[in-house]
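Commentary on secondary and tertiary structure
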Amino acid sequence: MSQRGDGIGLEVTNTVIRGVRLSADEPGRIAQVAEVPVDRFEDHALVFDALVRVGGQLGATALPTRVGWFPTRATMQRLDVTGLSGPELNSIRHELAGASKITSTMLIDADARRWMLALRWDHTSAWRVQELVERAGFLDVAVEPAPVALERVLAASSTAARRDAAEGRSWVAIFDGSVPIAAVTTDTNDREFPGLTTTEQRIGLHELGETLAADRLAAEVGRIARDLLPNKGRSSELDVHLQLVGEPYPPFPAHDLRAPQRVAVALGAAAGSAGLAGRLRPVDVLTPTGQLSESIPRPWAVHRVTDEALQPAEQSRSRQKWWRRRR
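The following refers to the structure shown. Just so it is clear, the model here is predicted, and its values are computed rather than measured. The written sequence of each chain sets the order in which its residues are numbered from 1. Reporting in this predicted model follows two pLDDT cut-offs: at least 70 for local features of residues, and 80 or more for side-chain atom pairs to be given and counted; totals over whole chains, interfaces and linings ignore these cut-offs and use all residues. Heavy atoms from the whole structure form the basis of all side-chain values; hydrogens and water molecules are not counted.

Next up on the list: the overall build of the chain. Every helix listed is a DSSP run of H or I at least four residues long, and every strand listed is a run of E at least two residues long, numbered separately from the N terminus. Scanning the chain from N- to C-terminus turns up eight helices and 15 strands. Restricting to contacts in the chain with at least 6 residues of sequence separation, those with at least 24 account for 68%. Computed with a 1.4 Å probe, the accessible areas rest on the Shrake-Rupley method; for each residue, only the protein chains presented here act as cover. Of the accessible surface of the chain, which amounts to about 17200 Å², a share of 49% is contributed by carbon and sulfur atoms. Whether two residues are in contact is decided by their heavy atoms, any of which lying within 4.5 Å being enough.

Core analysis: the biggest nonpolar cluster contains 67 residues, and Leu10, Val20, Leu22, Phe138, Leu150, Leu242 and Leu267 have the highest contact counts within it. Considering each element in turn, this core owes the most residues, eight residues, to helix α6 (residues 260-273). Among the nonpolar cores identified, the runner-up in size contains 15 residues, and Val172, Ile203, Leu228 and Leu229 belong to it. As used in this record, nonpolar core signifies buried Ala, Val, Leu, Ile, Met, Phe, Trp, Tyr and Cys residues forming a set joined through side-chain atoms within 4.5 Å. Only protein chains enter the calculation, and the probe is 1.4 Å; a residue is then buried if its accessible area is under 20% of its type maximum, exposed if over 50%, and partly exposed in between.

With that settled, consider the sheet that holds strand β15 (residues 283-285). Across the sheet, which stays open at both edges, the eight strands sit in the order β12-β9-β10-β11-β5-β7-β6-β15 with antiparallel pairing between neighbours. In the strand order of this sheet, the two ends are held by β12 (195-199) and β15, each with one partner. Direction aside, the axes of adjacent strands within the sheet are offset by 20° on average. Whether two strands pair comes down to DSSP finding at least two bridges between them. The pairing of strand β5 (residues 75-80) with strand β7 (residues 113-120) spans six bridges and is classified as antiparallel. Bridge pairing in β7 places Thr75 opposite Arg120. Across the sheet, helix α2 (residues 86-100) is in contact with β5, β6 (104-110), β7 and β15; its angle to β7 comes to roughly 25°. With axes taken as lines fitted to C-alpha atoms, and helix axes fitted only over the stretch in contact, angles between N-to-C directions fall between 0 and 180 degrees.

To continue, consider the environment of Glu26. For Glu26, the position within the fold is in the loop between β2 (16-22) and β3 (30-37). Look at Glu26 and you get partly exposed, because its relative accessible area is 36%.

Our focus in this paragraph is the sheet that holds β2. Here five strands make up an open sheet; going across it, the order is β3-β2-β1-β4-β8 and the pairing mixed. Looking at strand neighbours, the two that pair on one side only are β3 and β8 (139-145), the edges of this open sheet. Each adjacent strand pair in this sheet contributes to an overall mean axis angle of 15°, direction not counted. Alignment of strand β1 (residues 7-12) against β2, held across six bridges, turns out to be antiparallel. Across the sheet, Gly9 pairs through a bridge with Val20, a residue of β2. Where helix α1 (residues 44-58) meets the sheet, it contacts β1, β2 and β3, and its direction lies at approximately 155° from that of β3. Each of β1, β4 (64-69) and β8 touches helix α3 (residues 123-135); the most contacted strand, β8, lies at about 150° to it.

It is worth spelling out the pairing of β12 at this point. Counted residue by residue, β12 has four buried out of five residues, so it is predominantly covered. Note that strand β9 (residues 160-166) and β12 share five bridges and pair antiparallel. Looking at the pairing, Arg163 lines up with Leu196 of β12.

Next up on the list: α3. Taking 1.5 Å per residue as the helical rise, α3 with its 13 residues ought to reach 18 Å, and the 18 Å between its terminal C-alpha atoms agrees with that figure. The inward-facing, buried residues of α3 contact β1, α1, β4, β6, β8 and β15. The length a helix should cover is 1.5 Å for every residue beyond the first.

What follows deals with helix α5 (residues 214-228). Along its 15 residues, α5 runs 21 Å from first to last C-alpha, staying within 8% of the 21 Å computed at 1.5 Å per residue. If you check which residues of α5 are buried, you get Leu217, Glu220, Val221, Gly222, Ile224, Ala225 and Leu228. Against β5, β7, β10 (169-176), β11 (179-186) and β12 lie the buried residues of α5.

Omega for the peptide link from Phe193 to Pro194 comes to -5°, which places this bond in the cis form. Inspection of the secondary structure puts Pro194 in the loop between β11 and β12. Although it is not a glycine, Arg29 adopts a positive phi angle of roughly 70°. Positive phi values are uncommon outside glycine, yet Lys101 reaches one of about 60°. Along the chain, Lys101 falls in the loop between α2 and β6.

A few words now on the side chain of Arg169. When you line up the elements, Arg169 lands in strand β10. No salt bridge is formed by the buried Arg169, whose closest oppositely charged neighbour, Glu42, lies at an N-O distance of 7.5 Å. With residues near it in sequence (within four places) discarded, Arg169 still touches Thr13, Asn14, Phe70, Pro71, Thr72, Arg163, Asp164 and Thr188. Counting rule for charge: Lys and Arg are taken as positive, Asp and Glu as negative, and neither His nor the chain ends is counted. Salt bridges are identified by distance alone: a Lys or Arg side-chain nitrogen within 4 Å of an Asp or Glu carboxyl oxygen.

These values are about where atoms sit, not about what they do.
Next comes the structure, spelled out in structure tokens:
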């Protein structure tokens, strides 16, 4: 039986899966960590095998689980939807789907504001990841953007971060307090991984206040990253200042699986699943109507009852009485 403070977080990339299990009864909350390579991400059996091994190393899988995932060519940008009703939110989702081909969104509440994160990613791949994690034995699984997971363990003053998660898998995110403003994947540029670089310098948002096309968003976030984030080949555990529920995360050395530059995203995802990060919302997907018949089973059956026509019972009895009187 899980309790508040118990949860699992995973970071899924194309070449490695990292996991963190938090426990309310464990000093420092870190119960176990895991890291397993993936030989070929396109092979479902290999990914499933890696997830089973991660579960074995974590020592338990029957806990709420959140998965941080941000695939190649994914983008994310926030929109202010404070005070809007459900139908108005749905109207915005339809507008994003029609104008920008954005079918995935996520709501985040921060103080008195509500933000909608507009996600450009392949939601069918996200469903595939979630299904594989569930088949591996993890419970109550939800997939979320990796920048959202990372934000939960960053210092509140952090304004930008670059995550070099694995080979060919790097992304940059801009933050405003407890809410990601925008995030895009970026070239690895021969940087070593796993790595995490952050900054607390103030940022001029410029064009990020309006919904941008994917190429313009990538150009603007890339410009901010070049100006503010140090161009280093490897990040040091002494440079990464993570926090877990308000407490500084220890600077474990780089070779340790608990090193902050290794587990940052998985740690943030675990904090969410353990109930340590406030209210969590799922990613909402606006599925085209044409896909429903293919994705949702609609079982049906025909059963033959009788060859004779049926009459209501009351009507049948009244006709019998009328026929007796007439005779």
